[in-house]
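# Observations on the three-dimensional arrangement
Okay, here's what each chain looks like letter by letter:
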Amino acid sequence: AQKVTQAQTEISVVEKEDVTLDCVYETRDTTYYLFWYKQPPSGELVFLIRRNSFDEQNEISGRYSWNFQKSTSSFNFTITASQVVDSAVYFCALSDYNNDMRFGAGTRLTVKP
Amino acid sequence: DAGVTQSPTHLIKTRGQHVTLRCSPISGHKSVSWYQQVLGQGPQFIFQYYEKEERGRGNFPDRFSARQFPNYSSELNVNALLLGDSALYLCASSYGQEAYEQYFGPGTRLTVT
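Scoring rules and cut-offs
- Residues numbered from 1 in each chain as written.
- Chains lettered and ligands numbered in written order.
- Predicted model: local features only at pLDDT ≥ 70, side-chain atom pairs only at ≥ 80, totals over all residues.
- Heavy atoms only, no water.
- Helix = DSSP H or I, 4+ residues; strand = E, 2+ residues; numbered from the N terminus.
- Buried < 20%, exposed > 50% of the residue type's maximum accessible area, 1.4 Å probe, protein only.
- Contact = heavy atoms within 4.5 Å.
- Areas by Shrake-Rupley, 256 points an atom, 1.4 Å probe, with all protein chains shown as cover.
- Lys, Arg positive; Asp, Glu negative; His and termini not counted.
- Charge placed at Lys NZ, Arg CZ, Asp CG, Glu CD.
- Buried area = accessible area lost by both parts, 1.4 Å probe.
- Salt bridge = Lys/Arg side-chain N within 4 Å of Asp/Glu carboxyl O.
- Polar contact = N/O pair within 3.5 Å; in protein donor to acceptor, adjacent residues only side chain to side chain.
- Nonpolar A, V, L, I, M, F, W, Y, C, P; charged D, E, K, R; others polar.
- Phe/Tyr/Trp six-rings, centres within 6.5 Å; stacked < 30°, edge-to-face > 60°.
- Pairing = 2+ DSSP bridges.
- Axes fitted to C-alpha atoms, helices over the stretch in contact; angles between N-to-C directions.

What follows concerns the overall build of chain A. Of regular secondary structure, chain A possesses zero helices and twelve strands. When the helices and strands of chain A are listed from N to C terminus, the series reads β-β-β-β-β-β-β-β-β-β-β-β. If you line up chain A on its principal axes, its C-alpha atoms span 45 × 25 × 20 Å. Sorting the 113 residues of chain A into buried and exposed places 46% on the buried side. Contacts spanning at least 24 positions in sequence make up 55% of the contacts within chain A whose residues lie at least 6 apart. Counting only carbon and sulfur atoms, one obtains 47% of the accessible surface of chain A, whose full area is about 5,700 Å². If you average the places of the 11 positive and of the 14 negative side-chain charges in chain A, the two averages end up 2 Å apart.

Listed as interface residues are 20 residues of chain A and, on the opposing side, 22 residues of chain B. For the pairing of chain A and chain B, the buried interface totals around 1,700 Å² over both sides, and the portion due to carbon and sulfur atoms is 51%. Here chain A is connected to chain B by zero salt bridges. For the pair chain A and chain B, the interface holds one residue pair in polar contact (both at pLDDT 80 or more). For the side of chain A that touches chain B, the secondary structure elements donating two or more residues are strand 5 (33–39), strand 6 (46–52), strand 10 (88–95) and strand 11 (101–103) of chain A. Among the elements that line the side of chain A that touches chain B, the one with the most residues is strand 5 of chain A, at four residues. Taken together, the residues of the side of chain A that touches chain B sort by class into ten nonpolar, six polar and four charged.

Now for the packing of aromatic side chains. Residues and elements named next belong to chain A. Taken as a whole and judged by the stated rule, the model has 19 aromatic pairs over all chains. Measuring from centroid to centroid gives 5.3 Å for Trp36 and Phe77, while their planes differ by 50°, and the two rings are tilted. Of the two residues, Trp36 sits in strand 5 while Phe77 sits in strand 9 (residues 74–79), which places them 41 residues apart along the sequence. By relative accessible area, Phe77 is classed as buried at 0%. When the ring of Tyr64 is compared with that of Phe77, the centres are 5.2 Å apart and the planes differ by 90°; the resulting orientation is edge-to-face. Linking Tyr64 in strand 8 (residues 64–69) with Phe77 in strand 9, this pair joins segments that are 13 residues apart in sequence. Accessibility assignment for this pair places Tyr64 and Phe77 in one class, buried.

The next subject is the sheet that holds strand 8 (residues 74–78) of chain B. Residue and element names in this part refer to chain B. In space, the four strands of this open sheet follow the order 1-3-8-7, with antiparallel pairing throughout. Two strands bound the open sheet, and with one partner strand each, they are strand 1 (5–7) and strand 7 (64–68). Between one strand and the next, the sheet's axes are offset by a mean angle of 15°, whatever the strand orientation.

Take a look at the structure:
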């Protein structure tokens, strides 16, 4: 069975601090996809990144970076120099080939000015 | 281009009633997936439809059903509503059946009283 664990329920930081959101996953599939989504107070899920199981390269996009490590089944997300606009709930998700996507419980990030 | 649209935005129903939620995918997208997001939790996969056929089903009772129309729009139907069905129902569209990046709609907030 597939499972995603986001152990951090809530994180609060002060603007300009770096913050890392943890994600640990479980799957028996050899081919799978990992995702991060942002859900601002408006409720709409915003796609941030997709990674397939064969691509372990870390990725950086502006202030965002992702660290994928198959050895520890982790796909962590770091925001550098956080801003108030980064405040949201962040979801890590795992999908098999058939698009059955499993989401973690989410981490609520609050960035204070 | 318009994103994924869902209607209605909000809905209040009574226990035992039936509800129909609607979703229009992004133009050119052939796959629609439905998710239920209970307050404080991550979205849970309900159905995926691709080319008008059901391609995936989550762990939901038979009271939940869906269909996809020739124009790729979709309806989610829930019969015999229970209080526990109160949630945000999200629709996501993607081009193909596989786990490409899904684009989510704003959701329909269903309240069952």
